[in-house]
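Coordinate inspection notes
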Protein chains: 2
Amino acid sequence: MGGLAATLGAVGLTPFELAAQRGQRGAAAGGAAAKPDGPPKDPQVEYEKMAKLANNENPYGPSEAVMKAMNDAWKYANRYGYPDGGIRDAIAEHHGVKPENIILAAGSGEILKLVDDVYLPDHKIVVGMDPTYGSVYQYTTNSKAKAIKVALKKDYTADIDAMIQETKLHSRDVGLVYLCNPNNPTGNIVNKADIKKLLNSIPEEIPVLIDEAYHHFVDNPNYETSIPYVLEGRRVIVARTFSKIAALAGMRLGFAIAPKEMVGEMGPFALSSISSVVKYGGVAALKDTAYEAKMKAMNKQLRDRTTAELKQLGWETIPSDANFFMVNLKTDMGPIQTEFQKRNVLVGRRFSPMDNWLRVSVGSDDEMKRFVTVFKEIFPNGPDAKKPTTSAGGI
Amino acid sequence: MGGLAATLGAVGLTPFELAAQRGQRGAAAGGAAAKPDGPPKDPQVEYEKMAKLANNENPYGPSEAVMKAMNDAWKYANRYGYPDGGIRDAIAEHHGVKPENIILAAGSGEILKLVDDVYLPDHKIVVGMDPTYGSVYQYTTNSKAKAIKVALKKDYTADIDAMIQETKLHSRDVGLVYLCNPNNPTGNIVNKADIKKLLNSIPEEIPVLIDEAYHHFVDNPNYETSIPYVLEGRRVIVARTFSKIAALAGMRLGFAIAPKEMVGEMGPFALSSISSVVKYGGVAALKDTAYEAKMKAMNKQLRDRTTAELKQLGWETIPSDANFFMVNLKTDMGPIQTEFQKRNVLVGRRFSPMDNWLRVSVGSDDEMKRFVTVFKEIFPNGPDAKKPTTSAGGI
């Protein structure tokens, strides 16, 4: 280990920890927000106070190996044409596909926009779950395509039979079927038999996008990745991201695995606007399987502990295979989200039609303890009380 | 100065220089390319050998203040929702507009895609120069819109009268007029009187995108930014980037300044996929006016010295106000580009119909000396010789 890494090693901190420490002291750049009833507040200082359980982020940050790789890539900060660390080949090799099956994106969000550009022109239809990750539906609205949103079953899992029915009924106009697996916001999986059934039941020319952003957290024998369907030549696009298990959400790197012909269809619409440093971070993240295993284990432990605590208090949660879960508040989540925020815990957002359910991301040990403490504070009488305790002033 | 910056300061290197040094030693990640007639080569080592004059990059890298700001923002590498350093407000204030006039993008390239999404649906027409920066035309092809490419005048400047004529002739179908100012690849400006004439002559509802990526290098009394037209409420979009003067090409940050209603039209199509660290880098870059002035002066000195040397050898160049220039090779540029590459100098690419012209980016002092040396080697007898010296084997 040489140079910067050695220097940082000498003080016992990774670059990530070092930067975070400085941030907690509020030393970095950033504007100050004026507040009518007090002195201006530093947004970075305010942010650091919060338990951050609203965005399904990895609370631990990228691994040391990833931080080193990104710091080593600063030399390309000013370049367009530079060696990219072999990111495409590394992804292909890691997933047992060919480089021609990979399309790189600035986060998997770009994949969700690409499918709209290519497969959902004016008047075409996307069929998906409701609720699910909403970006595809938003882009669809932009491009004047339409969405058929299929309600979840009573156990909050995907209603594959209804999705098949809607797809076949409108097959001439369906441009895309969208599945998020595990689903966001419910955290549960679409089981492998259901995916097989879907693919075997709808017209084979209809593209199916399977968003596996939370793949790495799953520990469930009924789940499997849909990458093998790509290898079979099915018109399946599997979206993946470095934002979750690899903790690179702020650095924007994702990709899709798809048949060569579909990569060719989507490629011209890709922005190719991925930062030079995160390409190196991504290559390092794929190699750092020990960190990945650690992240998965810590997430599972804290998620299961927290949902067990809620269950003990009498609350219903949806069994989750992701780094977030939903709890049934039995009242509209809006005011409760505000109560949490007043107590420096960020949770939510709203996922209609599940308006009584709160999505909670799995943060650090400390953050999950704070969440449970505040939860008990807001609901001192448990789920059967008439009303939660809400306050006007916060704490 | 504390923490990381102090540590780096102690060894007398910026993080950028430090990382670049490590890169030259080939220590960082990256695959090795096999070569049929030799041992595998490290793409990073090969890249470092090159004089990089092909991509209009800033050879000096981001300023120390920008590097510090980016390193301080690593703590947000794992976040989606984080304080963004006030980048939108900082850009607005710096340019004398309101935050509602700003649309952020992952490089100004995203702006060029956004205008296609919004203003160039199927069968619409974009009117622009030929040659110019080709991205808008490429996106137009993707979306099945059409391009009317207006040839430059004999002095290689924009033919504004012809552009007005084409726009008026097809006014019902023109979705956008595109100007790159200074123009890429020619490096010359569209003078302020011509822009005024264009805006006063075409139907006022037609959006005009003015790409000012190279704005900061211009030193010409006939040039002015088109931002004032936005303030007047004209349907003008001014695109800017942090890729050039601020040397952040690899980090992907740009923006557009446009009337509020146009920001509203384009906003839903923006990916919002900008890295957390570069938002902080951008804020720091806007403040670092001393570095900007230094970059501008160094570019001008090396550009003017190099073109003067070429002129003395009898070669014609187009007077440039940018960080690149064109030289008339009097022969097809393709084989010459290859000859340069064999000698470790990256120049070009092809900009048809100007196939006899070579675009040369302004690099460092050393790179420009290497360029002139190699130029003389390829053309030992000057511009009037029948044929340049080409070699099969390289050196």
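Residues numbered from 1 in each chain as written. Chains lettered and ligands numbered in written order. Predicted model: local features only at pLDDT ≥ 70, side-chain atom pairs only at ≥ 80, totals over all residues.

With respect to the overall build of chain A
A count of helical and extended segments in chain A gives 15 helices and 13 strands. Counting only residues that meet the buried cut, chain A has 54% of its 395 residues in that class. Taking the intrachain contacts of chain A between residues at least 6 apart in sequence as the baseline, contacts between residues at least 24 apart amount to 71%. (Helix = DSSP H or I, 4+ residues; strand = E, 2+ residues; numbered from the N terminus. Buried ≥ 20, exposed ≤ 12 C-beta atoms within 10 Å, placed from the backbone. Contact = placed C-beta atoms within 7 Å.)

Let's talk about the sheet that holds strand 7 (residues 174–180) of chain B
Residue and element names in this part refer to chain B. As summarised here, the arrangement of the seven strands in space is 4-10-9-8-7-5-6, forming an open sheet in which the pairing is mixed. One side of each edge strand has no neighbouring strand; the edge strands of this open sheet are strand 4 (102–105) and strand 6 (146–151). Sheet twist, expressed as the average angle between the axes of neighbouring strands with direction ignored, equals 20 degrees. Two strands pair when backbone bridges link them, and strand 5 (residues 125–130) and strand 7 are joined in this way by four bridges, in the parallel orientation. Bridged to glycine 128 within strand 7 is tyrosine 178. (Pairing = 2+ DSSP bridges. Axes fitted to C-alpha atoms, helices over the stretch in contact; angles between N-to-C directions.)

As for the environment of phenylalanine 375 of chain B
By the element assignment, phenylalanine 375 of chain B lies in helix 15 (residues 365–378). A count of 26 C-beta atoms within 10 Å places phenylalanine 375 of chain B in the buried class.

Remarks on the pairing of strand 8 (residues 208–211) of chain B
Residues and elements named next belong to chain B. Here strand 8 shows no split at all, with Val208 and Ile210 on one side and Leu209 and Asp211 on the other all buried. Examined bridge by bridge, strand 7 and strand 8 share four bridges and lie parallel to one another. Bridging across to strand 8, valine 177 finds its partner in valine 208. Handedness of the crossover joining strand 7 and strand 8 through helix 9 (residues 192–201) is recorded here as right-handed. When strand 8 meets strand 9 (residues 236–241), the two strands line up parallel, connected through four bridges. Across the sheet, the residue bridging to aspartate 211 is alanine 239, located in strand 9. (Right-handed = clockwise from strand over helix to strand, strands pointing away.)

Thoughts on the nonpolar core
Counting 242 residues, the largest nonpolar core has Leu248 and Ala256 of chain A together with Ile103, Val115, Leu248 and Ala256 of chain B as the members making the most contacts within it. Two domains share this core, each providing at least three of its residues, namely domain 1 (19–29 + 39–57 + 289–386) and domain 2 (68–287) of chain B. Apart from residues lying up to four places away in sequence, alanine 256 of chain A is in contact with Ile103, Ala105, Ile111, Ile237, Val238 and Ala239 of chain A. (Core = buried A, V, L, I, M, F, W, Y, C linked by C-beta atoms within 7 Å. Domains from an automatic or database assignment.)

Regarding the confidence of the model for chain A
Chain-level statistics for chain A give a pLDDT mean of 90 and a share of 88% at 70 or above. Note on the complex model: pTM 0.89, ipTM 0.89. (pLDDT = per-residue confidence, 0-100.)

A short note on the sheet that holds strand 6 (residues 146–151) of chain A
All names here are of chain A. Read across the sheet, seven strands follow the order 4-10-9-8-7-5-6 without closing on themselves; strand pairing throughout is mixed. Looking at which strands have only one partner, the edges of the open sheet turn out to be strand 4 (102–105) and strand 6. In this sheet, neighbouring strand axes are inclined to one another by 20 degrees on average, regardless of whether the strands run parallel or antiparallel. Contacts between helix 6 (residues 108–119) and the sheet are confined to strand 4, strand 7 (174–180), strand 8 (208–211), strand 9 (236–241) and strand 10 (254–257), with strand 9 contributing the most and set at about 155 degrees to the helix. The strands that helix 8 (residues 160–169) touches are strand 5 (125–130), strand 6 and strand 7; relative to strand 6, the one it contacts most, it runs at about 150 degrees.

Quick notes on the packing of helix 5 (residues 87–95) of chain B against helix 12 (residues 276–287) of chain B
Residues and elements named next belong to chain B. Relative orientation of the contacting elements helix 5 and helix 12 amounts to 25 degrees, with a least axis distance of 9 Å. Regarding the angle of helix 5 to helix 12, the classification is roughly parallel. As helix 5 packs across helix 12, the resulting crossing turns out to be left-handed. Contacts from Ile87, Ala90, Ile91 and His94 of helix 5 reach helix 12 at Lys279, Gly282, Val283 and Leu286. (Parallel < 35°, antiparallel > 145°, perpendicular 65-115°, else oblique. Left-handed = near helix turned anticlockwise from the far one by under 90°.)

Structural notes on helix 13 (residues 289–312) of chain B
Residues and elements named next belong to chain B. Compared with an ideal rise of 1.5 Å per residue, which puts 24 residues at 34 Å, helix 13 spans 34 Å between its outermost C-alpha atoms and is within 8% of the ideal. If you check which residues of helix 13 are buried, you get Tyr291, Met295, Asn299, Leu302, Arg303, Thr306, Thr307 and Leu310. On the buried face of helix 13, the contacting elements are strand 11 (324–328) and helix 15. (Expected span 1.5 Å × (residues − 1).)

Quick word on the packing of helix 4 (residues 64–72) of chain B against helix 12 of chain B
Residues and elements named next belong to chain B. The geometry of helix 4 relative to helix 12 is characterised by a closest axis approach of 8 Å and an angle of 150 degrees between their N-to-C directions. In this view, helix 4 runs roughly antiparallel relative to helix 12, as classed from their interaxial angle. As helix 4 packs across helix 12, the resulting crossing turns out to be right-handed. Along the contact surface, helix 4 presents Ala65, Val66, Ala69, Met70 and Asp72, while helix 12 presents Val277, Val278, Tyr280, Gly281, Val283, Ala284 and Ala285. Taken together, the residues of the contact of helix 4 with helix 12 sort by class into ten nonpolar, one polar and one charged. (Nonpolar A, V, L, I, M, F, W, Y, C, P; charged D, E, K, R; others polar.)

With respect to the pairing of strand 5 of chain A
Strand 5 of chain A sits mainly inside the fold: five of its six residues count as buried. The parallel pair strand 5 of chain A and strand 6 of chain A, bridged by helix 7 (residues 135–142) of chain A, forms a crossover whose chirality is right-handed.

A short note on unusual backbone geometry
Backbone torsion omega between aspartate 130 of chain B and proline 131 of chain B reads 5 degrees, so that peptide bond is classified as cis. In this chain, asparagine 184 of chain B is followed by proline 185 of chain B through a cis amide linkage whose omega measures 20 degrees. Tracing the sequence through the fold places proline 185 of chain B in the loop between strand 7 and helix 9. One non-glycine residue, arginine 252 of chain A, lies in positive phi territory at about 65 degrees. Counting through the fold element by element, arginine 252 of chain A comes out in the loop between strand 9 and strand 10. When the 29 C-beta atoms within 10 Å are taken as the criterion, arginine 252 of chain A is described as buried.

Re the environment of glutamate 166 of chain A
Residues and elements named next belong to chain A. By secondary structure assignment, the location of glutamate 166 is in helix 8. Glutamate 166 gets classed as buried once you count the C-beta atoms within 10 Å, which come to 20. The sequence separation of glutamate 166 and leucine 329 amounts to 163 residues, and the corresponding C-alpha distance is 31 Å. Residues within four places of glutamate 166 in sequence aside, it is in contact with Val127, Ile148 and Val150.

Observations concerning the environment of aspartate 122 of chain B
All names here are of chain B. Take aspartate 122: it is sitting in the loop between helix 6 (108–119) and strand 5. Spatially, the C-alpha atom of aspartate 122 lies 9.5 Å from that of asparagine 142, the residues being 20 residues apart in sequence. If we skip the residues at most four places from it in the chain, aspartate 122 touches Ser143, Lys144 and Ala145.

A look at helix 14 (residues 333–342) of chain A
Residue and element names in this part refer to chain A. Those residues of helix 14 lying buried are Met333, Ile336, Gln337, Glu339 and Phe340. In a view along the axis of helix 14, the buried residues occupy a sector of 160 degrees, so they form one face of it. Buried residues belonging to helix 14 abut strand 12 (345–346), strand 13 (357–361) and helix 15 (365–378). In the segment just after helix 14, asparagine 344 is the residue with positive phi, at about 65 degrees. (Arc of directions from axis to C-beta.)

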